[in-house]
Amino acid sequence: MNSESGSAGTGLSVPMEDLYEVAVAQLDCSRATFSGFRVGAALLSGGQIFPGCNVENSSYGLTLCAERSAVMHWASAGSPGVPEAIAVVARNSHGEVVTAMPCGACRQVLSDLPDSRKLQVYTGEGDGITMTLLEELLPHAFGPADLDTGGGTD
Ligand code: THU
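Below is a summary of the structure that appears in this document. Just so you know, these numbers come straight off a predicted model, no measurement behind them.

## Details of the packing of helix 2 (residues 66-76) against helix 3 (residues 104-111)
Think of two packed helices as two axes; the pair is described by the angle between the axes and how far apart they sit.
For step 1, the next point in the chain: Where helix 2 contacts helix 3, the two axes come as close as 9 Å, and the packing angle between them is 25°. By the angle class used here, helix 2 and helix 3 are roughly parallel. The element helix 2 and its partner helix 3 pack so that their crossing is left-handed. Seen from helix 2, the contacting residues are Glu67, Arg68 and Val71; seen from helix 3, they are Ala105, Cys106, Val109 and Leu110.
For step 2, the next point in the chain: By residue class, the composition of the contact of helix 2 with helix 3 is five nonpolar, no polar and two charged.

## Observations concerning the packing of aromatic side chains
For step 1, the next point in the chain: Tallying each qualifying case throughout the model produces one aromatic pair.
For step 2, the next point in the chain: Centre to centre, the rings of phenylalanine 34 and tyrosine 60 are 5.6 Å apart; their planes meet at 50°, and the pair counts as tilted. Of this pair, phenylalanine 34 sits in the loop between helix 1 (16-26) and strand 1 (38-45) while tyrosine 60 sits in the loop between strand 2 (48-53) and helix 2, and the two are 26 residues apart along the sequence.
For step 3, the next point in the chain: Phenylalanine 34 gets classed as partly exposed once you look at its relative accessible area, which sits at 43%.

Calculation rules
- Residues numbered from 1 in each chain as written.
- Predicted model: local features only at pLDDT ≥ 70, side-chain atom pairs only at ≥ 80, totals over all residues.
- Heavy atoms only, no water.
- Axes fitted to C-alpha atoms, helices over the stretch in contact; angles between N-to-C directions.
- Helix = DSSP H or I, 4+ residues; strand = E, 2+ residues; numbered from the N terminus.
- Parallel < 35°, antiparallel > 145°, perpendicular 65-115°, else oblique.
- Left-handed = near helix turned anticlockwise from the far one by under 90°.
- Contact = heavy atoms within 4.5 Å.
- Nonpolar A, V, L, I, M, F, W, Y, C, P; charged D, E, K, R; others polar.
- Phe/Tyr/Trp six-rings, centres within 6.5 Å; stacked < 30°, edge-to-face > 60°.
- Buried < 20%, exposed > 50% of the residue type's maximum accessible area, 1.4 Å probe, protein only.

Have a look at this one:
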């Protein structure tokens, strides 16, 4: 893995490989009807792994990315734990392995998760796996604490 911590030093509560197993399986669930670009994600929180896949829509702008799909699964389960990591895998329209970094919208949604600055974002596969902290992907983020509710009401 191309990371300072190495796969043995991730500090995650489950092996990073378990996240990848779920993310890769999600590629078969991906509804990439229009782009053919399949994305699978797996969010680790509270010792559970929440799957996500991209769901495209004929009104293109309504497409949901895999990362946000995983966040919705986590929320639907009652938002257990503090998210530790998310793995994201992708296949282009030729079925080739490609690296997909979370888009801007997904970075913002991930950023609103509890203690999200230290969320580990795993992208790429095999020897090309890279871990990036969310605070690196979205520095100077707008967040719940900026609202006059004082950081959320849930
Ligand atoms: N996509 C994701 O699921 N996650 C990303 O971070 C980047 C893009 C999806 C959205 C769309 O279905 C397809 O990839 C092409 O943009």
